[in-house]
Amino acid sequence: MENNGKPVAYSKTTITELMIPSYANFGGKIHGGILLSLIDKVAYACASKHAGTYCVTVSIDNVEFLQPVEVGELVSLHASVNYVGRSSLVIGIKVISENVKLGSVKHTNTSYVTMVAKSDDDKPTPVPMLILETKEEIRRFVEAMKRKELKVSFNKKMDEAKNTVDINEGIDILKGQRCMVILDGK
Ligand SMILES: CC(C)(COP(=O)(O)OP(=O)(O)OC[C@H]1O[C@@H](n2cnc3c(N)ncnc32)[C@H](O)[C@@H]1OP(=O)(O)O)[C@@H](O)C(=O)NCCC(=O)NCCS
């Protein structure tokens, strides 16, 4: 294998875990935090395999749980490298939950984790290029580039919105919302 490139297939990773009762909340469903921890774990495994180094998590995007996960289900997290920059990698993770007794499978969420490869002195370090071997891999790489661009412009707009909030105007906007303003006890 070339030193400066690795195919997507090289680092594809799947983790399957049984949802045991201690993972459940008071409503009997699996805690979102358990799934987040598994997402982080599989992203690390996939990213570090591609990078060949230790990696850190920078962000997890699109965490929207579309369906609840029940105790006794088998959760599988399928991870692959969608995009690489110089030291950053975007790992796409599809989470599937399976009820083996009913033979039913549900897609609970798809998330995108940005990781950065670190050298032994804790500095961002270059990762191998990504070798794209299928149309789907090309599509995912291009989508990740677009998502990155959109995030930069979204973050810029959010910063602008934060800096332009006028409290008096803000109080006006709150009319009709489910909140009460009690400033200085009045
Ligand atoms: C993420 C981190 C490595 C960035 O460090 P930095 O000194 O800003 O490094 P750089 O500016 O050289 O950026 C390194 C890469 O991270 C990317 N990056 C930095 N901040 C980012 C962000 N908020 N979102 C996405 N990518 C980001 C840069 O685009 C760059 O990518 P590239 O090399 O592919 O072009 C650093 O902030 C860090 O170590 N954070 C803590 C991570 C951690 O501990 N995670 C566990 C959570 S408890």
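Residues numbered from 1 in each chain as written. Predicted model: local features only at pLDDT ≥ 70, side-chain atom pairs only at ≥ 80, totals over all residues.

J.: Could you give an account of the overall build of the protein, naming the residues involved and the relevant values?
T.: Looking only at helices and strands, one finds four helices and seven strands in the protein. The helix and strand sequence of the protein, counted from the amino end, reads β-α-β-α-β-β-β-β-β-α-α. Principal-axis analysis of the C-alpha atoms gives the protein an extent of 70 × 45 × 35 Å. For the protein, buried positions account for 25% of its 186 residues. In the protein, 71% of the contacts between residues at least 6 apart in sequence involve partners at least 24 apart. (Helix = DSSP H or I, 4+ residues; strand = E, 2+ residues; numbered from the N terminus. Buried ≥ 20, exposed ≤ 12 C-beta atoms within 10 Å, placed from the backbone. Contact = placed C-beta atoms within 7 Å.)

J.: Any chance you could break down the environment of G92 for me, citing the residues and the numbers?
T.: Here G92 shows up in strand β5 (residues 88-99). On the basis of neighbour count, G92 is assigned to the buried category, with 21 C-beta atoms found within 10 Å. Between the C-alpha atom of G92 and that of V127, which follows or precedes it by 35 residues, the distance is 17 Å. Every residue in contact with G92, bar those within four places of it in the chain, is listed here: S80, N82, T110, Y112 and R140.

J.: Outline the site of the ligand, listing residues and values.
T.: Taken together, V56, T57, V58, S59, G85, R86, S87, S88, T114, V116 and P124 make up all the residues around the ligand. Broken down by secondary-structure element, the contributors of at least two residues to the shell around the ligand are β3 (54-61) and β6 (104-118). In terms of residues, the shell around the ligand owes the most to one element, β3, which gives four residues. When grouped by side-chain class, the residues that make up the shell around the ligand number four nonpolar, six polar and one charged. (Near = placed C-beta within 6 Å. Nonpolar A, V, L, I, M, F, W, Y, C, P; charged D, E, K, R; others polar.)

J.: Which residues make up the nonpolar core, and what values do they have?
T.: The biggest cluster of nonpolar side chains holds 32 residues, and the ones touching the most others in it are A43, A47, L89, I91 and I93. Put simply, the parts of the chain that give this core at least two residues each are α2 (32-51), β4 (74-84), β5 and β6. Per-element accounting of this core gives the leading share, eight residues, to α2. For A47, the residues in contact, after removing those within four places along its chain, are C55, V81, L89, I91 and M115. (Core = buried A, V, L, I, M, F, W, Y, C linked by C-beta atoms within 7 Å.)

J.: Please provide a residue-by-residue account of unusual backbone geometry, values included.
T.: The backbone of N62 sits at a positive phi, close to 60°, despite the residue not being glycine. Here N62 lies in the loop between β3 and β4. The phi dihedral of D184 is positive, around 55°, even though this residue is not glycine. You can see D184 is positioned in the segment after α4 (167-173). Using a count of 4 C-beta atoms within 10 Å as the deciding quantity, one classes D184 as exposed.

J.: Hey, could you go over the sheet that holds strand β2 (residues 13-18) for me, with residue numbers and the actual values?
T.: On the basis of which strands lie adjacent, the open sheet formed by five strands has the order β2-β4-β5-β6-β3 and antiparallel pairing. If you trace the sheet from one side to the other, it starts and ends with β2 and β3, each paired once. On average, each strand axis in the sheet is tilted by 30° relative to the strand beside it, whichever way the strands run. On top of the sheet, α2 reaches β2, β3, β4, β5 and β6; it is set at about 40° to β4, its chief contact. (Pairing = 2+ DSSP bridges. Axes fitted to C-alpha atoms, helices over the stretch in contact; angles between N-to-C directions.)

J.: A description of helix α3 (residues 135-163) should follow, citing residues and the corresponding values.
T.: Given 3.6 residues to a turn, an α-helix orients residues that are three or four positions apart in the same direction. In this model, α3 (29 residues) spans 42 Å end to end at C-alpha, consistent with the 42 Å of a helix rising 1.5 Å per residue. Burial within α3 is sparse, with just two of its 29 residues counted as buried. (Expected span 1.5 Å × (residues − 1).)

J.: An account of the environment of A47 is needed here, citing residue identities and associated values.
T.: Structurally, A47 is set in helix α2. Classification of A47 by C-beta neighbours within 10 Å gives buried; the count is 29.

Note that every value here comes from positions in space, so none of it alone points to a role or purpose.
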